Amino acid sequence: QHLPVGTTATLYFKDLGPQIGWTMVFLIEYTGPLFIYFLFYFRMPFVYGLDERFTSSPHPVVNLACICHSFHYIKRLIETVFVHRFSHGTMPLRNIVKNCLYYWGSKTRKIPYPTKNPFTWLFFFVSCPNYTYEVGTWISFTIMTQCVPVGLFTLLCFIQMTIWAKDKHCTYLREFKDYPSLRMPIIPFLL
C-alpha cells in the first residue's frame with residue numbers, strides 16, 4: 001500500500017530461528033523408522049546378543065511384516081520426492097525432533113464429504129479418516145508382528161493423530177456452521 005506523505009511505518013520481524021525444508025523434514029522422518037526396523041528384523045547382535053535363538057525367526061509373518069513396513073516407508077519417501085507440494089517452504093529446525101519422535105491443508109476451504117470412492121465413506125463418521133485408516137493399519141501391523149515396540153509406537157501414533165484430528169475437527173466446527181454433527185475427530189461415535 002501507499003503511505004501518505006509524512007506517515008511513518010514500522011515493520012516488525014520475528015526471528016524463527018534456523019529453518020529446514022519440508023522435503024528434508026519428511027526424508028528424515030521416514031528414513032529413521034525404515035532403518036530402525038531393520039535393526040530388529042535382521043536381529044543385529046548388538047540388539048539381541050549372540051544367542052542363536054534370538055538371531056533368527058522361522059515364522060513367515062516376520063518376513064511379511066518387514067515387506068509391509070519397508071513398502072510403507074519407501075512409498076512415503078518416493079511420495080516426498082515426487083508427489084508432495086508444500087505450502088510453506090520451511091519449518092523451524094527445533095520442530096524436527098518432535099516430528100521425528102512421532103515417526104521414529106488450500107485457500108478454498110470446504111467441508112469434506114464422502115464420494116463414490118469407498119475409502120472416503122468414513123467422512124460420514126469422522127473428520128480425519130486418513131488418521132483413522134493409519135491407526136487401523138498400525139493396529140493391524142501390531143497384531144501381525146505381536147511386538148511390544150511396535151505396539152508402543154502404535155499407541156504413540158494414536159495419541160499424536162488424535163491430537164491432530166481434534167485440532168482439525170475443532171477448526172472445521174469453527175469454520176463451518178453447518179458442519180455435520182454426527183462426525184467425531186478420529187473414532188466413529190466415540191472420539
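Sequence positions are assigned chain by chain, starting from 1 and proceeding in written order. Totals for whole chains, interfaces and linings use all residues, but because this is a predicted model, local features are given only for residues with pLDDT of at least 70 and pairs of side-chain atoms are given and counted only at 80 or more. To obtain the side-chain values, all non-hydrogen atoms of the structure were included, while hydrogens and water were left out.

Going by an unreviewed UniProt entry, the protein chain carries the name 3-oxo-5-alpha-steroid 4-dehydrogenase C-terminal domain-containing protein and comes from Bubo bubo. Turning to the protein chain, the UniProt record has this under Sequence similarities (unreviewed entry): "Belongs to the steroid 5-alpha reductase family." UniProt positions are given in the numbering used here, feature names are shortened, and annotations may be inferred rather than shown by experiment.

Asker: Looking at this model, I keep getting lost on the packing of helix H5 (residues 129-145) against helix H6 (residues 148-175). Mind explaining?
Answerer: Think of two packed helices as two axes; the pair is described by the angle between the axes and how far apart they sit. Throughout, an axis means a line fitted to C-alpha atoms (over the contacting stretch in the case of helices), and angles, computed between N-to-C directions, take values from 0 to 180 degrees. Per the convention used, a helix needs a DSSP run of H or I reaching at least four residues, while a strand needs a run of E reaching at least two, with both numbered from the N terminus. Two elements in contact, H5 and H6, have axes separated by 9 Å at closest approach and are oriented at 170 degrees. One way to sum up the angle between H5 and H6 is to call them roughly antiparallel. Where H5 approaches H6, its residues Tyr-131, Glu-134, Val-135, Trp-138, Ile-139, Phe-141, Thr-142 and Thr-145 are matched on the opposing element by Val-150, Gly-151, Phe-153, Thr-154, Cys-157, Phe-158, Met-161, Trp-164 and Ala-165. When its residues are assigned to classes, the contact of H5 with H6 shows 12 nonpolar, 4 polar and 1 charged. An angle below 35 degrees is read as roughly parallel, one above 145 as roughly antiparallel, one from 65 to 115 as roughly perpendicular, and any other as oblique. Here a residue-residue contact requires only that any non-hydrogen atoms of the pair lie within 4.5 Å. Residue type decides the class: Asp, Glu, Lys and Arg count as charged, Ala, Val, Leu, Ile, Met, Phe, Trp, Tyr, Cys and Pro as nonpolar, and the leftover types, Gly among them, as polar.

Asker: Before we go on, may I ask you to explain the packing of aromatic side chains in this structure?
Answerer: Ring pairs (aromatic) are described by centroid distance and by the angle formed between their planes. In this analysis, rings of Phe, Tyr and Trp, with Trp reduced to its six-membered ring, are considered paired at centre separations within 6.5 Å, and the interplanar angle assigns stacked below 30 degrees, edge-to-face beyond 60, and tilted for intermediate values. For the structure shown, the criterion picks out 12 aromatic pairs. Measuring from ring centre to ring centre gives 6.4 Å for Tyr-73 and Trp-138, while their planes differ by 45 degrees; the resulting arrangement is tilted. The pair Tyr-73 / Trp-138 is uniform in exposure class, with both members buried. Seen in terms of ring centroids, Phe-125 and Phe-189 are 5.3 Å apart; in terms of plane orientation they differ by 55 degrees. Their pairing is tilted. In this pair, Phe-125 is assigned in the loop between helix H4 (96-103) and H5 and Phe-189 in the segment after H6, connecting sequence segments 64 residues apart. Its relative accessible area of 30% is what places Phe-125 among the partly exposed residues. According to the relative accessible area criterion, Phe-189 is exposed, its value standing at 56%. An aromatic cluster of at least three residues, connected via ring pairs, comprises Phe-26, Tyr-30, Tyr-37, Tyr-73, Trp-138, Phe-141 and Phe-153. Type-normalised accessible area, obtained with a 1.4 Å probe on protein chains alone, sets the label of each residue: buried when under 20%, exposed when over 50%, and partly exposed for intermediate values.

Asker: What exactly am I supposed to notice about the pattern of salt bridges here?
Answerer: Two side chains that carry opposite charge are able to pair once their charged atoms sit near each other. Whenever Lys or Arg places a side-chain nitrogen within 4 Å of a carboxyl oxygen from Asp or Glu, that contact is recorded as a salt bridge. Scanning the model with the defined rule gives 2 salt bridges in all. When the shortest N-O distance is used, the salt bridge between Glu-79 and Lys-75 registers 3.2 Å. Remark: Lys-75 and Glu-79 occur in helix H3 (residues 60-82); sequence separation between them is 4 residues, near one turn of the helix. Looking at Glu-79, the relative accessible area reads 26%, which means it is partly exposed. Lys-75 gets classed as partly exposed once you look at its relative accessible area, which sits at 32%. Residues Glu-134 and Arg-76 are paired through a salt bridge, measuring 3.1 Å at the closest nitrogen-oxygen approach. In this pair, the class of Glu-134 matches that of Arg-76, namely buried.

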